[in-house]
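One letter stands for each residue in the lines below.
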Amino acid sequence: MTVQRIVGIETEYGILQNGNPRANPMLMSSQVVTAYRAISSNARGRARWDYQDEDPLNDARGFHLPRASAHPSMLTDDPSLPAPSGNEMILAKGTRAQNLARPRVEAYDDPGAANAILTNGARLYVDHAHPEYSSPEVTTPRDAVIWDVAGERVMLEASRQLAQTMGLDLQLYKNNTDSKGSSYGTHENYLVDRDVPFSTLVAILTPFFVTRQVFTGSGRVGLGTHGQLPGFQLSQRADFIEALVGLETTMRRPIINTRDEPHTDRVRWRRLHVIIGDANLLEPTTYLKIGTTYLVLWAAERLAEHHDLAARFSALELRDPVADVSTVSRDLSCSVELELRSGKRLSAIAIQREYLGVVTELLSRAKNDDPVAEQTDDVLARWANILNALESDPMSCARQVEWVAKYRLLESMRRRSNLEWDHPKLAMMDIQWSDVRPERSLYRKLVAAGAVDTIAEESEIQSAVTHPPTDTRAYFRGEAMAHYAGSIVGASWDSVIFDVPESPNLQRIPMLDPWRGTQKHVGQLFDAHPHNPATFLQALLGQK
Amino acid sequence: MAGQEQQRPQTNEVEDDANAGAPTPPPAAAAADFEVDSLLDEIDDVLEVNAESFVKGFVQKGGQ
C-alpha cells in the first residue's frame with residue numbers, strides 16, 4: 001500500500017511564562033491542557049486516559065524491562081488498573097463491550113497529569129514537563145501534515161484562552177531543545193508488519209534515519225547539547241542522539257527506539273517509535289519525512305522476496321552511525337562522505353538516492369494496486385527533486401526544506417547586522433522561529449510573504465482542529481467525544497469507556513484494529529443517534 | 001565562522017551522468033535572498049526586545 005499506513009506524530013512543545021523563568025513547567029503544561037479542554041466542545045467531558053493496554057517497558061528485541069529497574073520517566077502507563085483481557089477486533093455493528101465495575105467515587109484528578117481527548121481524535125496531555133499533542137492516527141503523508149499543523153492551532157488556542165481568562169502569558173514553541181542541555185521530542189509512530197524481524201528493521205532504517213536529516217532537519221543555531229560551539233546545523237535533535245538501539249527516550253537516546261507497545265493486535269503489527277526526528281513547521285518537510293519513511297517501510301516489508309534489493313540495502317551499513325548523525329547534521333554542504341562498513345564512502349545524498357533507487361525498482365516489480373497512487377508518485381518525485389537540488393545547491397531548497405529556510409533567514413540577518421553565529425539575536429530567532437503565535441512566529445512571516453511552500457489548505461487545517469480523520473479508528477474516538485463527551489469516562493488509542501445510566505456497568509469498547517471504527521464502519525450509527533449514547537451503544541453492540 | 005561558509009558540493013561524475021536528464025534547480029536562490037532581505041525590518045519589529053535575557057530565560061526540562 002505504498003504511502004498508505006497508520007501513522008501518528010507526537011509533539012512535546014517548549015513552554016515558557018513571559019517574565020517568569022522560574023514558573024513550574026508541569027503546572028504550566030497542565031494549565032495549557034485544562035484551558036483547551038474548557039474551550040473545546042467536550043467541555044463537559046470527564047474522560048481520563050485508559051491505561052489498560054499500555055506497556056512502555058516491552059522491548060522490540062523480545063525482552064521486557066523489569067518495572068523496578070525502569071527509570072521513572074519510562075513508566076508512561078498506570079499500574080493500578082487491571083491487566084488486559086479479551087482481544088476483540090471488531091469495531092462496527094456487532095462489537096462486544098467489556099463490562100467494568102462502575103467506581104463508587106470519582107477517581108482523584110491529578111492536576112499534574114492533565115489529559116484531554118479531543119474531538120479530532122488526538123490526545124492533549126502533560127508529558128514530563130511539556131504539553132504534548134499526540135495526533136490522531138492518519139494513513140497518508142498529506143493527512144499527517146494536516147493533523148500535525150492542527151496541533152499547532154490547538155496549542156495557540158489554549159495559550160490565547162489562558163491569556164484571556166487568567167491573564168497568564170504562556171508561550172509555546174514547536175522545537176526540540178533549549179540549547180542548555182535539554183531536549184524534548186517529536187516522535188513518529190508507524191505500524192509495521194510484525195513479520196519483518198526487528199533486526200532487519202534496524203539494519204534498513206539506521207542509514208536511512210542518519211542521512212534523511214538533509215531534508216528533514218529543522219535547523220538549529222549552536223553546536224553541542226548546550227550550544228557551546230557557535231554555528232548552525234541541520235537538526236534540532238542530532239546532538240542528543242547517543243546510541244544505536246535502545247528502549248530509553250529521555251536519556252542515552254537511540255537512533256532506533258525499541259519501545260514495543262503497538263496499541264493494536266501485536267501478532268500482526270509492531271509500532272515503530274521514531275524519536276530521532278525534529279519538530280517541523282515547514283509542511284513540505286513533514287510531508288517528505290513521513291512519505292519517504294513510509295516508502296522505506298513498504299520496501300522493508302517486501303524484501304524477503306527480493307534478495308538483490310535486500311543486498312543493496314545491506315551494502316549501506318555505516319561504520320559509525322551514531323557519530324554520523326552529528327557529521328551529517330553539521331555539514332551544510334550536504335557533501336561530506338560517510339564511511340560504510342564495506343570501506344566505501346558515500347555522501348548522505350548518495351545514500352538517500354540508493355534508498356530511492358531500491359524503492360523505485362521494487363515499485364516497478366510490484367503488482368500495483370495503490371489506492372493512493374497519486375501521493376506515492378508525488379512523494380517519489382519530491383524525493384528525487386530534493387536530492388538533486390540539495391546536491392547542486394542546498395540553498396535552492398529554501399521553499400521546501402526547513403533547515404535551509406531557517407538558515408537563509410538567519411544568514412540574511414547575520415550579513416545585514418554583521419553578527420557572529422554566537423550572537424544571542426540569532427539564538428533568539430531560532431527559538432522564535434517556532435513560536436505558535438502567528439504574529440511572533442518567524443516561520444509564519446515567511447509563509448505570509450510567500451517565501452516557503454505549504455501543502456494543506458487553510459480550510460482543511462481548521463476542520464482538522466475539531467474533526468477526526470475519517471479513515472481510522474480515530475474517527476470513532478473523536479466522534480464519540482464530539483457526541484457523547486458527558487458519558488465517556490475513559491479513552492485511549494484502543495478503547496473508549498462509556499458510562500450510561502441505562503447500563504449496570506461501565507462499557508469498554510475495544511478498538512484494537514486501527515483500520516476499523518472509520519466513518520464507513522460507524523458513521524451512520526453516529527448520525528442515527530446524535531445525542532443518545534445508550535441507543536448508540538445498543539446499535540453498535542447489536543443488541544437491538 | 002569560516003567553517004560555516006557554504007561549500008560547493010564536490011562534483012561526482014558518475015552521479016552526474018545518472019542524473020543527466022534531471023531538471024536543474026531553478027535559479028531561485030538570488031531572488032529568494034532578496035525576498036528574505038526585504039523581510040528583515042518586519043522581523044526586527046516582532047523580535048523580543050532583549051535577545052540576551054530572552055535566550056537566557058529559555059530554559060526547558062528534558063522530555064522524551
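Rules used in this analysis
- Residues numbered from 1 in each chain as written.
- Chains lettered and ligands numbered in written order.
- Predicted model: local features only at pLDDT ≥ 70, side-chain atom pairs only at ≥ 80, totals over all residues.
- Helix = DSSP H or I, 4+ residues; strand = E, 2+ residues; numbered from the N terminus.
- Buried ≥ 20, exposed ≤ 12 C-beta atoms within 10 Å, placed from the backbone.
- Pairing = 2+ DSSP bridges.
- Arc of directions from axis to C-beta.
- Contact = placed C-beta atoms within 7 Å.
- Axes fitted to C-alpha atoms, helices over the stretch in contact; angles between N-to-C directions.
- Left-handed = near helix turned anticlockwise from the far one by under 90°.
- Nonpolar A, V, L, I, M, F, W, Y, C, P; charged D, E, K, R; others polar.
- pLDDT = per-residue confidence, 0-100.
- Parallel < 35°, antiparallel > 145°, perpendicular 65-115°, else oblique.
- Core = buried A, V, L, I, M, F, W, Y, C linked by C-beta atoms within 7 Å.

In this section: the overall build of chain B. Along chain B, the regular secondary structure elements total four helices and zero strands. Going from the N terminus to the C terminus, chain B shows its helices and strands as α-α-α-α. Within the span of chain B, comprising 64 residues, buried residues form 16% of the whole.

Residues and elements named next belong to chain A. Counting buried residues in strand β7 (residues 130–134) gives five out of five residues, a clear majority hidden from the surface. Burial along β7 is two-sided: the residues His-130, Glu-132 and Ser-134 and Pro-131 and Tyr-133 are all buried. As paired strands, strand β6 (residues 123–127) and β7 are joined by five bridges and run antiparallel to one another. Looking across to β7, one finds that Asp-127 is bridged to His-130. Hairpin connection of β6 to β7: two residues between the antiparallel strands, including His-128 at a positive phi of 55 degrees.

Attention now goes to helix α6 (residues 321–329) of chain A. All names here are of chain A. Taken together, the buried positions of α6 are Pro-321, Asp-324, Val-325, Val-328 and Ser-329. For α6, the arc enclosing every buried residue in end-on projection is 130 degrees, short of the 170-degree limit, so these residues lie on one face. At its buried positions, α6 is contacted by α3 (198–216), β11 (229–233), β12 (241–246), β13 (253–257), β15 (337–339) and α7 (348–365).

Attention now moves to unusual backbone geometry. Residue and element names in this part refer to chain A. The phi dihedral of Cys-334 is positive, around 55 degrees, even though this residue is not glycine. Position of Cys-334 among the secondary structure elements: in the loop between α6 and β15. Judged by the 25 C-beta atoms lying within 10 Å of it, Cys-334 is buried. If you check the backbone angles, Asn-418 has positive phi at about 55 degrees while not being a glycine. Structurally, the position occupied by Asn-418 is in the loop between α9 (402–417) and α10 (424–432). Using a count of 7 C-beta atoms within 10 Å as the deciding quantity, one classes Asn-418 as exposed.

All names here are of chain A. Remark: helix α14 (residues 519–528) packs on helix α15 (residues 533–540), axes separated minimally by 9 Å, with the N-to-C direction vectors making an angle of 145 degrees. In this structure, α14 crosses over α15, and the sense of that crossing is right-handed. Note on element contacts: α15 touches α14 through Phe-536, Ala-539 and Leu-540, opposite Val-522, Leu-525 and Ala-528. Looking at side-chain class alone, the contact of α14 with α15 contains six nonpolar, no polar and no charged residues.

Listed as interface residues are 55 residues of chain A and, on the opposing side, 37 residues of chain B. Elements with a contribution of two residues or more to the side of chain A that touches chain B: β2 (14–17), β11, α8 (373–392), α9, α10 and α11 (442–448) of chain A. Among the elements that line the side of chain A that touches chain B, the one with the most residues is α10 of chain A, at seven residues.

What follows deals with the confidence of the model for chain A. Considering every residue of chain A, the mean pLDDT works out to 92; 93% of them sit at 70 or more. Residue range residues 78–88 of chain A is modelled with pLDDT below 50. Its contacts to residues more than four positions away, or to other chains, number 13 contacts.

Our next topic: α10 of chain A. With respect to burial, α10 of chain A is a largely interior element, eight of its nine residues being buried. Within α10 of chain A the residues assigned to the buried category are Lys-425, Leu-426, Ala-427, Met-428, Met-429, Asp-430, Ile-431 and Gln-432 of chain A. As for α10 of chain A, its buried residues are in contact with β8 (170–173), β10 (220–223), α9 and α11 of chain A together with α4 (51–57) of chain B.

Residue and element names in this part refer to chain A. What the six strands build is an open sheet, ordered β5-β6-β7-β1-β9-β14; its pairing is antiparallel. For this open sheet the edge positions go to β5 (115–117) and β14 (269–274), each flanked by a neighbour on one side alone. Mean inter-strand twist for the sheet, computed between neighbouring axes without regard to direction, equals 20 degrees. Pairing of strand β1 (residues 7–12) with strand β9 (residues 186–193) involves five bridges; the strand directions are antiparallel. Its bridge partner lying in β9, Ile-9 is registered against Glu-188.

All names here are of chain A. Taken N-terminus to C-terminus, the directions of α7 and α8 make an angle of 155 degrees; their axes are 10 Å apart at the nearest point. Accordingly, the angle class assigned to the pair α7 and α8 is roughly antiparallel. In this structure, α7 meets α8 at a crossing whose hand is left-handed. Along the contact surface, α7 presents Ile-349, Gln-352, Arg-353, Leu-356 and Thr-360, while α8 presents Leu-380, Trp-383, Ala-384, Leu-387, Leu-390 and Glu-391.

Time to look at the nonpolar core. General note: in soluble globular proteins, nonpolar side chains tend to be found buried as a group. If you look at the biggest cluster of nonpolar residues, it comprises 149 residues, and the most contacted ones within it are Leu-124, Val-296, Ile-386, Leu-390, Ile-488 and Val-496 of chain A. Residues within four places of Val-296 of chain A in sequence aside, it is in contact with Ile-204, Leu-205, Phe-208, Tyr-355 and Val-359 of chain A.

On to the sheet that holds strand β19 (residues 506–510) of chain A. Residue and element names in this part refer to chain A. Strand order in the open sheet formed by five strands is β3-β17-β18-β19-β4, and the pairing between neighbours is mixed. Unpaired on one side and paired on the other, β3 (48–49) and β4 (98–100) mark the two borders of the sheet. Judged from the four bridges that link them, strand β17 (residues 488–492) and strand β18 (residues 495–498) form a sheet pairing that is antiparallel. Within β18, the residue paired with Ala-491 across the bridge is Val-496.

A separate point is the environment of Val-59 of chain B. Considering the arrangement of structural elements, one finds Val-59 of chain B in the segment after α4. Taking the C-alpha atoms as reference points, Val-59 of chain B and Leu-39 of chain B, 20 residues apart in sequence, are found 28 Å from one another. In this structure Val-59 of chain B touches Pro-21, Asp-178 and Lys-180 of chain A, once residues within four positions along its chain are discounted.

Once that is clear, we can look at the environment of Arg-22 of chain A. Take Arg-22 of chain A: it is sitting in the loop between β2 and α1 (25–39). Sequence separation between Arg-22 of chain A and Glu-361 of chain A is 339 residues, and the spatial gap between their C-alpha atoms is 55 Å.

Predicted coordinates in areas of low pLDDT are best not read in detail. Residue and element names in this part refer to chain B. Mean pLDDT over chain B: 66, with 47% of residues reaching 70 or higher. Within chain B, no element has a lower average pLDDT than helix α1 (residues 13–18), which sits at 39, and none a higher one than α4, at 95. This stretch, residues 1–28, has a pLDDT under 50; its non-local contacts, to residues over four places away or in other chains, come to 29 contacts. At the level of chain-chain contacts, confidence expressed as ipTM amounts to 0.89, with global pTM at 0.90.

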